[in-house]
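# Understanding the architecture of this molecule
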Amino acid sequence: MHQCQPFIIDRVTTILHIEDNRANQVLVERVLTAEGYHITHADDGESGIQAAISGKPDLILIDMGLPDIDGQTVVTHLKQIPNLQTVPMVAITAWPAEKALETAKRYGLSGCILKPIDVKSFPIQIAKYVEPGR
Amino acid sequence: MSKVSQYRSQNTLSQVDNVRPHRFFQQLWQPNRHLEMRRADKFSLQQLVEAYNQTRVDYIVPMPMNVARLNEYIKLYDIDLTASWVALKEETIHGLGMLGIRKDRAWITRVGVLPSGRRKGTGRAIIERLLQSAEERHLTTIWLEVIKGNEPAYQLFLTSGFQPTRELVVARRPPDLREFSGNGYFNGENIVRMVDVSRSTAFNLLDKRHARPNWLIESESFYNVPDLQAIFVECEDGAQGWAICQPDKFQLKHIVVEALQGDPASVSCRLLKALHERYFTRDAIMENLPEQDPTWQGFKNAGYFDVFRRIEMVKNGHQN
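Residues numbered from 1 in each chain as written. Chains lettered and ligands numbered in written order. Predicted model: local features only at pLDDT ≥ 70, side-chain atom pairs only at ≥ 80, totals over all residues.

### What about the overall build of chain A?
For chain A, the count of helices and strands is five helices and five strands. In chain A, buried positions account for 37% of the 134 residues. (Helix = DSSP H or I, 4+ residues; strand = E, 2+ residues; numbered from the N terminus. Buried ≥ 20, exposed ≤ 12 C-beta atoms within 10 Å, placed from the backbone.)

Structure (structure tokens):
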């Protein structure tokens, strides 16, 4: 009689990237997929909220300038959803550093990453919030 | 005064003038001759949105739009697409600008040049065509705002005859859900009476404001807001005031407060706290309050923080 061996499925860390700019989406996906993350995208705030609720990602990266609802308001809404309150949310923005940091702090974001992203340091910045395949 | 003499009277640029006057004036004053200007109503909103978003990709505050947002913007701020213009070169959009019209006044907005069209006179050509549109309609005063720190745009408007009038604040307030435990501000701020105000009364209050509002928060903008909310409050110490805003699914927008009795900073703070208790899950955006307005301190005391500033500018048609 065969005895079932317990096995562990390596869970891939999923990052939801809410960003309307296609070039930025592609860049982030290319850099982070190579590091072992699974990336999902949403093109605007409303679809980002839906994707966060249905997918419960491990990390949410949010562009502050979105075409329907801006990133701050998306964060405000996501933080009121019980399942998502522990999910780190990080702003990606081209704003001046001082203003970006203040906004991130005021809105209770876990951090902010300034655009243009540096492809070398970006995975290190992301790893501060989640580890790939944890 | 001709444009050249107007330019020469500005000391700050005289050194550049002395170096290469011919070439410099050519760049500064002659619009790009290869540009075609086409009325914005000849384009779909989707085309306008795509072009507008491209103009903003590298802006300090990008603020992209989608079709629904542009449509709302057009309605709220009385944008006339037949008086708005798109700059094209070989059928490729290089820039655009829009004109809002209210009575004898115009408002220039959404001006932007795609990166490929910059430093080629595109922005100036758009502004000149918008000014021509205003002139054709006998609009005597033309307003606009430019984000503080956008020096190329500010210089373009200055050299097009606009003068700065005042600095405007754009501020936000994220909701702080921990603040609201049931008793909240309503009791804490000694408010003895709070009543909802009808739409028609709200318009009367808006029309009687103590200071000239900016275009975004003029009474005409509120006439176009379908779901306006207004409250009047009276406090134990006799202070009185009102607040008007537009609540949507996620945000409180178009927030205006006015003190009728009492210290404006204190009254506006109490009004805002009452408003935020009612809409306690909403993110709040306050736009274009003059920085000298006494209620600004009340906004700050109620948890608003300064996000960026705009410079309001005006050009009086009769000065030409």
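### Section: the sheet that holds strand E3 (residues 59-63) of chain A
The strands making up a sheet are joined through hydrogen bonds of the backbone, oriented either antiparallel or parallel. Residues and elements named next belong to chain A. The sheet built from five strands is open, its strands ordered E2-E1-E3-E4-E5 with parallel pairing. Each edge of the open sheet carries a strand with a single partner, namely strand E2 (38-42) and strand E5 (111-114). In this sheet, adjacent strand axes meet at a mean angle of 25° when their direction is disregarded. Lying on the sheet, helix H4 (residues 97-106) is in contact with strand E4 (89-93) and E5; it crosses E5 at an angle near 155°. (Pairing = 2+ DSSP bridges. Axes fitted to C-alpha atoms, helices over the stretch in contact; angles between N-to-C directions. Contact = placed C-beta atoms within 7 Å.)

### What about the nonpolar core?
Within the largest apolar cluster, 81 residues are counted, with the highest numbers of intra-cluster contacts made by Leu96, Leu99, Ala243 and Ile244 of chain B. Counting the residues that make up this core, at least three belong to each of domain 1 (3-167 + 312-319) and domain 2 (170-309) of chain B. Filtering out sequence-adjacent residues up to four positions away, Leu99 of chain B remains in contact with Ile79, Asp80, Ala83, Ser84, Ala106, Trp107, Ile108, Leu130, Ser133 and Ala134 of chain B. In this structure, Ile18, Ile49, Ile60 and Met64 of chain A belong to the second largest nonpolar core, which totals 30 residues. (Core = buried A, V, L, I, M, F, W, Y, C linked by C-beta atoms within 7 Å. Domains from an automatic or database assignment.)

### A word on the sheet that holds strand E9 (residues 240-247) of chain B
Residue and element names in this part refer to chain B. In spatial order, the strands read E1-E2-E3-E4-E5-E12-E6-E11-E10-E9-E8-E7; together these 12 strands make up an open sheet with mixed pairing. The sheet terminates laterally at strand E1 (36-39) and strand E7 (191-196), the two strands that pair on one side only. Ignoring strand direction, the axes of neighbouring strands in this sheet form an average angle of 25°. Pairing between strand E5 (residues 141-147) and strand E12 (residues 305-316): seven bridges, direction antiparallel. Along E12, the bridge assignment pairs Ile147 with Arg310. Taken strand by strand, helix H9 (residues 199-207) contacts strand E8 (229-235), E9 and strand E10 (251-261), and its axis lies near 115° from that of E9.

### Quick notes on the interface of chain B and chain A
With 17 residues of chain B at the contact, the number on the chain A side is 16 residues. Considering only residue class, the side of chain B that touches chain A consists of 10 nonpolar, four polar and three charged. (Nonpolar A, V, L, I, M, F, W, Y, C, P; charged D, E, K, R; others polar.)

### A look at unusual backbone geometry
Between Lys115 of chain A and Pro116 of chain A the backbone carries a cis peptide bond, its omega angle lying at -5°. A positive phi is found at Lys103 of chain B, a non-glycine position, where the angle reads about 50°. Mapped onto the elements of the fold, Lys103 of chain B is located in the loop between strand E3 (92-102) and strand E4 (105-113). The exposure class of Lys103 of chain B is exposed, given the 10 C-beta atoms found within 10 Å. At Asn288 of chain B, a position not held by glycine, the phi torsion is positive, near 65°. Along the chain, Asn288 of chain B turns up in strand E11 (residues 283-290). Among the residues examined, Asn288 of chain B registers 19 C-beta atoms within 10 Å and is labelled partly exposed.

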